[in-house]
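Each chain, letter by letter, is given below.
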Amino acid sequence: MGAAPADEAQGTCPVRVNPFWLGKKEVTFFEYDLFCAATNRPKPADHGWGRGERPVIEVDWYDAVAYCNWRSQLEDLQEVYVIDMESDVKVTCNWSAKGYRLPTEAEWEYAARAGTV
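Residue numbers run consecutively from 1 along every chain, following the written order of its sequence. Local features in this predicted model are restricted to residues whose pLDDT is 70 or higher, and side-chain atom pairs enter the listing and the counts only when it is 80 or higher, whereas totals over whole chains, interfaces and linings include all residues. Excluding hydrogens and water, the side-chain values take into account all heavy atoms of the structure.

Student: Go over the nonpolar core with me, naming the residues and quoting the values.
Tutor: Formed by Y32, F35, C36, A66, Y67 and W70, the largest nonpolar core amounts to six residues. Residue assignment for this core shows that the elements contributing at least two residues are α1 (29–39) and α2 (61–74). Residues in contact with Y67, not counting those within four places in the same chain, are V27, E31, Y32 and F35. Grouped together as the second largest cluster of nonpolar side chains are five residues, V65, C68, Y81 and A97 included. The set of buried Ala, Val, Leu, Ile, Met, Phe, Trp, Tyr and Cys residues whose side-chain atoms join them within 4.5 Å is what this entry labels a nonpolar core. The buried label applies to any residue whose accessible area, calculated with a 1.4 Å probe on protein chains only, is under 20% of its type's maximum; exposed applies above 50%, and partly exposed to all values in between. Helix and strand definitions here come from DSSP, where helices need a minimum of 4 consecutive H or I residues and strands a minimum of 2 consecutive E residues; each element is numbered from the N-terminal end. For this analysis, residues touch if any pair of their heavy atoms sits within 4.5 Å.

Structural data, given as structure tokens:
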């Protein structure tokens, strides 16, 4: 993980990636704005690029996992993230849940390489 095949001498680490689902496209402003309206959150800035079907920007990790849980609820799926808002925000992940979640680093790399090594 983390290096192209030609760089194997530099010390790559083999990683097993279990089967997973990944969206075909990024979450759009339209989709994310629905989440903001439903959860009373401010909409992220688009910096003049436009909204609609453009990929959402200006979203932090905590908002992304909250979006995943919201999307899971909409589709009657089990939420993956447990978000504890007491004092410091703490997020734990239930890897066996079948709801929406962010890809791991290894999953993202595997998908970005189109399933190749």
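Student: Would you mind going over unusual backbone geometry in detail, with residue names and values included?
Tutor: In the Ramachandran plot, N40 falls in the positive-phi region, its phi being about 60° despite a non-glycine side chain. Here N40 is to be found in the loop between α1 and α2. Here E58, not a glycine, exhibits a phi torsion of approximately 65°, which is positive. Looking at the element boundaries, E58 is found in the loop between α1 and α2.

Student: Go over the layout of surface pockets with me, naming the residues and quoting the values.
Tutor: Rolling a probe over the atoms, with the probe sized like a water molecule, indicates the empty space that remains. Here a cavity denotes grid points, spaced 1 Å and computed from the protein atoms alone, that fit a 1.4 Å probe unable to get out, and a pocket denotes an open set having protein on both sides within 12 Å along at least 5 of 7 lines; residues with an atom within 4 Å of a point are the lining. Grid points are joined across faces, edges and corners, and a volume is the space filled by probe spheres set on the points. Its volume calculated, the largest pocket comes out at about 1,400 Å³. At the level of elements, α1, α2 and α3 (105–112) are the ones that each hand at least two residues to the lining of the largest pocket. The element contributing the most residues to the lining of the largest pocket is α2, with five residues. Nonpolar residues are Ala, Val, Leu, Ile, Met, Phe, Trp, Tyr, Cys and Pro. Charged residues are Asp, Glu, Lys and Arg, and all others, Gly as well, are polar. In terms of residue class, the lining of the largest pocket is made up of 22 nonpolar, five polar and twelve charged.

Student: Could you give me a rundown of the pattern of salt bridges, with the residues and numbers involved?
Tutor: Opposite charge on two side chains permits pairing when their charged atoms draw close. By salt bridge we mean one thing: a side-chain nitrogen of Lys or Arg within 4 Å of a carboxyl oxygen of Asp or Glu. In this structure the tally under the stated criterion is six salt bridges. Across the pair E75 and R71 runs a salt bridge, and its minimum N-O distance is 3.1 Å. A relative accessible area of 21% means that R71 is categorised as partly exposed. Of the charged contacts in the structure, one is a salt bridge between R101 and E107, with a shortest N-O distance of 2.7 Å.

Student: Please give an account of the packing of aromatic side chains that cites residues and values.
Tutor: For Phe, Tyr and Trp, where Trp contributes only its six-membered ring, two rings pair if their centres lie within 6.5 Å, and the inter-plane angle classes them as stacked under 30 degrees, edge-to-face over 60, or tilted in between. Per the stated rule, a full pass over the model turns up eight aromatic pairs. What links up through ring pairs into an aromatic cluster is the set Y32, F35, Y67 and W70.

Student: Lay out the side chain of D46 in plain terms, naming residues and giving numbers.
Tutor: Secondary-structure assignment places D46 in the loop between α1 and α2. When charges are tallied, Lys and Arg are placed among the positive residues and Asp and Glu among the negative ones, while His and the ends of the chain are skipped. It is R51 that comes nearest to the buried, bridge-free D46 among opposite-charge side chains, at 4.0 Å. A distance of 3.4 Å separates a polar side-chain atom of D46 from the backbone nitrogen of G50. Residue contacts for D46: discarding those within four places in its chain leaves F29, R51 and I57. Nitrogen and oxygen atoms within 3.5 Å of one another constitute a polar contact, given that in protein one can donate a hydrogen and the other can accept it, and given that sequence-neighbouring residues count only through two side-chain atoms.

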